[in-house]
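Given next are the chains, with one letter for each unit.
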Amino acid sequence: MNTATLDKQTSDKVSFITFIIPKFASGYKMNVQDAYLYLKKYGGINYLNEHWWALHIDNPYWAIRSMAKICRNNGGYL
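A few points on the structure. (Residues numbered from 1 in each chain as written. Predicted model: local features only at pLDDT ≥ 70, side-chain atom pairs only at ≥ 80, totals over all residues. Heavy atoms only, no water.)

Describing helix α2 (residues 32-41)
And step 1. Where α2 is concerned, the buried positions are Ala35, Tyr38 and Leu39. Along the long axis of α2, the arc covered by the buried residues comes to 95 degrees, so they all point the same way. Facing away from the buried surface of α2 by more than 90 degrees, the exposed residues are Gln33, Lys40 and Lys41.
And step 2. On its buried side, α2 packs onto α1 (8-27), α3 (44-56) and α4 (60-73).
And step 3. The N-cap of α2, judged by a side-chain oxygen 3.1 Å from the amide nitrogen of Gln33 a few residues on, is Asn31.
And step 4. Looking one or two places after α2, you find Gly43, whose phi comes out positive at around 90 degrees. (Buried < 20%, exposed > 50% of the residue type's maximum accessible area, 1.4 Å probe, protein only. Helix = DSSP H or I, 4+ residues; strand = E, 2+ residues; numbered from the N terminus. Arc of directions from axis to C-beta. Contact = heavy atoms within 4.5 Å. Polar contact = N/O pair within 3.5 Å; in protein donor to acceptor, adjacent residues only side chain to side chain.)

The structure is reproduced here in structure tokens:
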């Protein structure tokens, strides 16, 4: 995907999501692929897609905690 053809908001969203998933993985001692699959299975990716704008302006720690809470509420184990 060529980010030069994306509008600014979409580019910012993609940048944040590709930044925060590895941070989530690191915080919970997972590899990035497992973190993505976990987030996808338990609603974290949907949460990111819907709320990325609010999450990206806060400390990444709180975004990761929020994602973990959403996943736990949807049957996740973290």
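Having put the structure on the table, let's press on.
As for the pattern of salt bridges
And step 1. A full pass over the atoms with the stated rule returns one salt bridge.
And step 2. With its nearest N and O atoms 3.0 Å apart, the salt bridge here joins Lys8 to Asp12. Linking Lys8 with Asp12, this pair stays in helix α1, spanning four residues, or about one helical turn.
And step 3. On the basis of relative accessibility, which here comes to 61%, the residue Lys8 falls in the exposed class. (Salt bridge = Lys/Arg side-chain N within 4 Å of Asp/Glu carboxyl O.)

No statement about biological role is implied by the geometric values presented.
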